[in-house]
Amino acid sequence: MNRFLSTKNTFTILILWGLVLFFIVMLVLNYEKGNFPPIPMMIISLVTAFILWVLLDTRYVIKNNFLLYRSGPIRGKIDISKIKSIKRFSGLNVPVMLKPALDTKGFIITYNSFDDLFISPIKSDIFIEEIKKINPLIEVI
């Protein structure tokens, strides 16, 4: 079993941690003032928890011929034998719907017929080697 954490784009991380800090300050200030409407505060707490979960738990695991990915509550697995290609990608507008990553530089993995996933493992060369050990037919672009 190999684990790979996601690379982190400084700009993205600053924005997400800034949001977390802003929401926590908002919650504390409203609580101290006695202005604590339960539904908006619950929504802000849930959004803050979601952002923290994504920030602290974005990773990829290669286990039993499967690539497992997780980014907070977004989780899934891909059969490595069904991966067709892995393409390096860098840019803000990633042309993929599913992006369990914290960076704008990474890989677009194409599997099955038309399914795509964007990931950004820290040790990208080792990641590619491990995937290719399981399925040497993967085209790396």
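Cut-offs applied
Residues numbered from 1 in each chain as written. Predicted model: local features only at pLDDT ≥ 70, side-chain atom pairs only at ≥ 80, totals over all residues. Heavy atoms only, no water. Phe/Tyr/Trp six-rings, centres within 6.5 Å; stacked < 30°, edge-to-face > 60°. Lys NZ or Arg CZ within 6 Å of the ring centre and 35° of its normal. Helix = DSSP H or I, 4+ residues; strand = E, 2+ residues; numbered from the N terminus. Pairing = 2+ DSSP bridges. Salt bridge = Lys/Arg side-chain N within 4 Å of Asp/Glu carboxyl O. Buried < 20%, exposed > 50% of the residue type's maximum accessible area, 1.4 Å probe, protein only. 1 Å grid on protein atoms, 1.4 Å probe; cavity = no way out; pocket = protein on both sides within 12 Å on 5 of 7 lines; lining within 4 Å. Points joined across faces, edges and corners; volume = space filled by probe spheres on them. Nonpolar A, V, L, I, M, F, W, Y, C, P; charged D, E, K, R; others polar.

Caption draft 1: Seen up close, the packing of aromatic side chains. Counted by the stated rule, this structure contains four aromatic pairs. Aromatic ring contacts, followed pair by pair, group Phe4, Phe107 and Phe127 into a single cluster. Looking at Lys77, its charged tip hangs above the ring of Phe66, at a distance of 4.6 Å from the centre.

Caption draft 2: Up close: unusual backbone geometry. A positive phi is found at Asn65, a non-glycine position, where the angle reads about 65 degrees. With respect to the helices, strands and loops of the structure, Asn65 is situated in the loop between β2 (58-63) and β3 (66-71). The backbone phi angle of Asn112 is positive, close to 50 degrees, even though this residue is not glycine.

Caption draft 3: The pairing of strand β4 (residues 74-79), seen in detail. Bridge count for β3 against β4 is six bridges, and the pairing is antiparallel. The residue bridging Tyr69 from the neighbouring strand is Gly76, located in β4. Here β3 folds back onto β4 in antiparallel fashion, the turn holding two residues, of which Gly72 has a positive phi close to 65 degrees.

Caption draft 4: Layout of the pattern of salt bridges. As enumerated under the stated definition, the model contains five salt bridges in all. With a shortest N-O distance of 3.1 Å, Asp57 and Arg70 are connected by a salt bridge. With a gap of 13 residues between them, Asp57 in the loop between α2 (38-56) and β2 and Arg70 in strand β3 connect regions that are remote in the sequence. With a closest N to O distance of 3.3 Å, Arg88 and Asp125 form a salt bridge. Of this pair, Arg88 sits in strand β5 (residues 83-90) while Asp125 sits in helix α3 (residues 124-134), placing them 37 residues apart in sequence. What makes Arg88 partly exposed here is its relative accessible area of 45%. Within the structure, one salt-bridge network assembled from shared partners comprises Asp57, Arg59, Arg70 and Arg75.

Caption draft 5: Focus on the layout of surface pockets. In this model, the largest pocket occupies a volume close to 330 Å³. Looking at the largest pocket, it is lined by 17 residues, and the ones nearest its centre are Thr12, Leu16, Val54, Ala101 and Leu102. Taken together, the elements giving at least two residues each to the lining of the largest pocket come down to α1 (10-33) and α2. The biggest single contributor to the lining of the largest pocket is α1, with four residues. Looking at the lining of the largest pocket residue by residue, the class counts come to 11 nonpolar, four polar and two charged.

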